[in-house]
Amino acid sequence: MLDRGARPSVTIVICAYTERRWDRLLDVIESVRAQSIAPQEVLVVIDHNADLYERLTEIVDDVTVVESSGPRGLSGARNTGVGLADSDIVAFLDDDAEAAPDWLQRLLALYDDPDVLAVGGRVEPVWETGRPGYFGEELDWIVGCSHRGMPKVASEVRNVIGANMSFRREVLRQVGGFNLSLGRQGTLPLGCEETEICIRSKIGSPGSRIVYEPAALVRHHVPADRGTLRYMLSRSWSEGISKAQVSRVVGQKRALGPERRYVRSVLPRAVFSGIRDWGRGDNPQGLGRAGAVIAVLAWTAAGYVRGRRMAHVEGSPLSGTVIARAPWSEVQ
């Protein structure tokens, strides 16, 4: 156990899978170099892309570049990083999310409390072509960012956001790492690995806490095609299916508690605000914003129903084993 007041050692894990994000990946690495507190090590895990691995190893010598030893997908790549880390804390960044200079310092400050298992921070969208008028901040979770309704000060939460999160390494190893049965499976774009592992971590440590610290900031690049209504609905459908799978693993109450509060309070205000702005002439896009919220809610709910049904169909990607652990797992 880390001594209270001692600064924990930290490994930063960046997972990458495509050369199309090459410039973004280099920007992420540069943002890590500029941290006010230097990490013990930076691991860039390449997810089954030999060309990207070779290209990166040729130009960087101050970070460790490794190939994923797990199955293809984000969970396998993250577990590769966890398995190689030799530090108190493992922090994760996406390959298109730049960290603010004090990002790591802000995350580590919360680990003074031994009951804190994980700390995540704010993810701010950087829109490639500007935010679409119909895309309200309440829906920023669709592009992997913090959304309106999340805490504005450091607070206990159910789960952290994947683009900006950290865990005690011993916790990750005790729970068996990220669930390999979640995440993209072929053409089925599942997710929610972060939600599921946070819930399992707390189940194994009663009285513990997972904290969201909005002052620990990263900026997440959002390409233009992720602001389209088509992408919004596709991502919402996938989110519903993913939540259905998480419900199978940890139970419906644990999996959907924050979502119920979000649907009851945040979304109605977003709809009324959009209609009001349109009616007053303050924002002609207000009606579209309200309509997008309703459509996203409907598609997410439909995806959830579909996911629940798929779980009972033999041979479905959602049937079978519910927790697939990393090979180094301490769970028997």
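As shown above, the structure is provided for reference.
Notes on the structure in this doc start here. (Residues numbered from 1 in each chain as written. Predicted model: local features only at pLDDT ≥ 70, side-chain atom pairs only at ≥ 80, totals over all residues. Heavy atoms only, no water.)

### Quick word on the overall build of the chain
- Helix and strand content of the chain: nine helices and nine strands.
- In the chain, which comprises 332 residues, the share counted as buried stands at 53%.
- Contacts spanning at least 24 positions in sequence make up 75% of the contacts within the chain whose residues lie at least 6 apart. (Helix = DSSP H or I, 4+ residues; strand = E, 2+ residues; numbered from the N terminus. Buried < 20%, exposed > 50% of the residue type's maximum accessible area, 1.4 Å probe, protein only. Contact = heavy atoms within 4.5 Å.)

### Side note on the nonpolar core
- Membership of the largest hydrophobic core comes to 78 residues, with the highest contact counts inside it found for Ile14, Trp103, Leu139 and Phe167.
- In contact with Phe167, other than residues within four places in its own chain, are Asp88, Ile89, Val90, Phe92, Tyr111, Leu117, Ala118, Val160, Leu172, Phe178, Ile197 and Cys198. (Core = buried A, V, L, I, M, F, W, Y, C linked by side-chain atoms within 4.5 Å.)

### Details of a nonpolar patch on the surface
- A contiguous nonpolar surface patch, about 280 Å² in accessible area, is contributed by Ile275, Trp278 and Leu287.
- Relative to the assigned elements, Leu287 resides in helix H9 (residues 286-310). (Patch = residues over 30% accessible without salt bridge, like charges linked within 9 Å, V, L, I, M, F, W, Y side chains within 5 Å. Areas by Shrake-Rupley, 256 points an atom, 1.4 Å probe, with all protein chains shown as cover. Salt bridge = Lys/Arg side-chain N within 4 Å of Asp/Glu carboxyl O.)

### Observations concerning the pattern of salt bridges
- Across all of its chains, the model carries 20 salt bridges by this definition.
- With a shortest N-O distance of 2.6 Å, Arg21 and Asp95 are connected by a salt bridge. With Arg21 in the loop between strand S1 (10-16) and helix H1 (22-33) and Asp95 in the loop between strand S4 (89-94) and strand S5 (97-99), this pair connects stretches of sequence that are 74 residues apart. One exposure class covers both Arg21 and Asp95, and it is buried.
- A salt bridge links Glu196 to Arg200, with the shortest nitrogen-to-oxygen separation between them at 2.6 Å. One end of the pair is Glu196 and the other is Arg200, both in helix H6 (residues 193-203) and four residues apart, which spans about a single turn.

The values reported here are purely geometric and, on their own, carry no functional implication.
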